[in-house]
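# Results of the structural survey
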Amino acid sequence: MARKKGRRSKPYKINLKKDTINSVLAVLIMGIGGLIAVSFSQQGLFLTKIYELGQGFLGWPLIFLPFIFISGGLMLTSAKLPVANPHVLLGSVISMISLSGLTGSGTLGFGIRDSITTLISFPGAIIFFLVGTAIGFFIIFETSIEDLINFIHTSKDKMSVL
């Protein structure tokens, strides 16, 4: 009997469910966030290198990066947590980039601030980044300017009673 010609079939075909793949990716992304969080201790050569790279690229807003990775990982799961919503991830990224540009920390912040300053002047860039930060926080907390004004007004009334 003659052997079949052509390509051999794959010896190991792995059929994973979509939920399993999402769970593996979620754990991987959250693990990266945890690794970045642990790198703040700078104990060990690998963790120190991660911290130095993050500080060089982002500066002090690096502190938000573990939260962003954990939030992104939780989005891949079917967890019904408030942190696992797309608006939290989007608002966190916008706030981190705006704060980095506002302070000019890291190569990302310096580059963004330099570009915006060239386009609209330094005072305009500060206003631009403050507005970006405010927009990021409004997106994170799913709130509006009216809610913020009402909160300030009721807090002021409560403070005047004291």
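Overview of the structure. Numbering of residues starts from 1 in each chain and follows the order in which that chain's sequence is written. In view of the model being predicted, local features appear only for residues whose pLDDT reaches at least 70, and side-chain atom pairs are presented and counted only at 80 or more, with totals across whole chains, interfaces and linings using the full set of residues. Think of the side-chain values as coming from all heavy atoms in the structure, minus any hydrogens and water.

### A few points about the overall build of the protein chain
What counts, and what does not: Comment: elements are numbered from the N terminus, with helices defined as DSSP H or I runs of at least four residues and strands as E runs of at least two. The reference for a compact globule is 2.2 Å times residues^0.38; the radius of gyration itself is calculated from the C-alpha atoms. Note on exposure labels: buried denotes an accessible area under 20% of the residue type's maximum, exposed denotes more than 50%, and partly exposed covers the range between, all computed with a 1.4 Å probe on protein chains only. Residues are treated as being in contact if the distance between any of their heavy atoms lies within 4.5 Å. Using a 1.4 Å probe, the Shrake-Rupley method yields the accessible areas, and only the shown protein chains count as cover for residues.
Scanning the protein chain from terminus to terminus reveals seven helices and zero strands. From first element to last, N terminus to C terminus, the protein chain shows the α and β order α-α-α-α-α-α-α. On C-alpha atoms alone, the protein chain measures out to a radius of gyration of 23 Å, which is more than a quarter above the 15 Å that the 2.2 N^0.38 rule sets for 162 residues. For the C-alpha atoms alone, the extent of the protein chain along its principal axes is close to 95 × 35 × 35 Å. Relative to its full complement of 162 residues, the protein chain shows a buried share of 25%. If you take every contact in the protein chain between residues at least 6 apart in sequence, the share linking residues at least 24 apart comes to 56%. For the protein chain, the exposed area adds up to about 11700 Å²; of that, 70% sits on carbon and sulfur atoms.

### Side note on the packing of helix 4 (residues 86–103) against helix 5 (residues 106–120)
Where we set the bar: In this analysis, axes come from line fits to C-alpha atoms, helices being fitted only over the stretch in contact, and the angle between any two N-to-C directions falls in the range 0 to 180 degrees. Each angle is binned into one of four classes, with values under 35 degrees roughly parallel, values over 145 roughly antiparallel, values of 65 to 115 roughly perpendicular, and all other values oblique. Each residue is assigned to one of three groups, with Ala, Val, Leu, Ile, Met, Phe, Trp, Tyr, Cys and Pro labelled nonpolar, Asp, Glu, Lys and Arg labelled charged, and all others, Gly among them, labelled polar.
Where helix 4 contacts helix 5, the two axes come as close as 7 Å, and the packing angle between them is 75 degrees. As judged from the angle between their axes, helix 4 and helix 5 are roughly perpendicular. Side by side, helix 4 and helix 5 meet where Ile97, Ser100, Gly101, Leu102 and Thr103 of the first sit next to Leu108, Gly109, Ile112 and Arg113 of the second. Looking at side-chain class alone, the contact of helix 4 with helix 5 contains four nonpolar, four polar and one charged residues.

### Some remarks on the packing of aromatic side chains
Put simply, the rule reads: Each Phe, Tyr or Trp ring, with Trp reduced to its six-membered ring, pairs with another whose centre is within 6.5 Å; inter-plane angles below 30 degrees give stacked pairs, above 60 give edge-to-face pairs, and intermediate values give tilted ones.
The final tally for this structure, using the stated rule, is four aromatic pairs. Ring geometry for Phe128 and Phe129: centres 5.4 Å apart, planes at 75 degrees, overall edge-to-face. Residue Phe128 is classed as partly exposed on the basis of its relative accessible area of 44%. Residue class for Phe129 comes out buried when judged on its relative accessible area of 3%. Summarising the aromatic geometry, the rings of Phe137 and Phe141 are spaced 6.5 Å apart at their centres and angled 15 degrees between planes, so their arrangement reads as stacked.

### Structural notes on the side chain of Ser71
Locating Ser71 in the fold gives a position in helix 3 (residues 65–76). The class of Ser71 is buried, set by a relative accessible area of 1%. Apart from the residues lying within four places of it in its own chain, the contact partners of Ser71 are Val83, Ala84, Asn85, Val88 and Leu89.

### A closer look at unusual backbone geometry
Although it is not a glycine, Ser121 sits at a positive phi angle of roughly 80 degrees. The backbone of Glu142 shows a phi angle near 45 degrees, a positive value even though the residue is not glycine.

### Some remarks on the environment of Gly31
Topologically, Gly31 is positioned in helix 1 (residues 18–39). In sequence terms Gly31 and Thr118 are 87 residues apart; their C-alpha atoms lie 39 Å from each other.

### A closer look at helix 7 (residues 145–161)
Note the following rule: Expected helix span is taken as 1.5 Å per residue step, with the number of steps being one fewer than the number of residues.
The first and last C-alpha atoms of helix 7 sit 25 Å apart over 17 residues, in line with the 24 Å expected at 1.5 Å per residue. With zero of 17 residues buried, helix 7 lies mostly on the surface of the structure.

### Description of the nonpolar core
Filter applied, for reference: Nonpolar cores were defined as sets of buried Ala, Val, Leu, Ile, Met, Phe, Trp, Tyr and Cys residues, with membership established by side-chain atoms within 4.5 Å.
Core analysis: the largest hydrophobic core is formed by seven residues, namely Ile36, Tyr51, Leu58, Leu62, Leu65, Ile68 and Met96. Each residue touching Tyr51, except ones within four places of it in the same chain, is listed here: Ser39, Phe40, Gln42 and Leu62.

### Observations regarding a nonpolar patch on the surface
Rules: Patches here are clusters of residues that have more than 30% relative accessible area and form no salt bridge, with a 9 Å joining cutoff for like charges and a 5 Å cutoff for nonpolar side chains (Val, Leu, Ile, Met, Phe, Trp, Tyr). Each reported salt bridge corresponds to a side-chain nitrogen of Lys or Arg within 4 Å of a carboxyl oxygen of Asp or Glu.
Among the surface-exposed residues, Ile14, Leu16, Ile21, Leu25, Leu28, Ile32 and Leu76 lie close enough to one another that they form a single nonpolar patch of about 620 Å² accessible area. For the nonpolar patch, the leading source of residues is helix 1, giving four residues. If you trace the backbone, Leu16 turns up in the segment before helix 1. Residue classification places Leu16 among the exposed residues on the basis of a relative accessible area of 51%.

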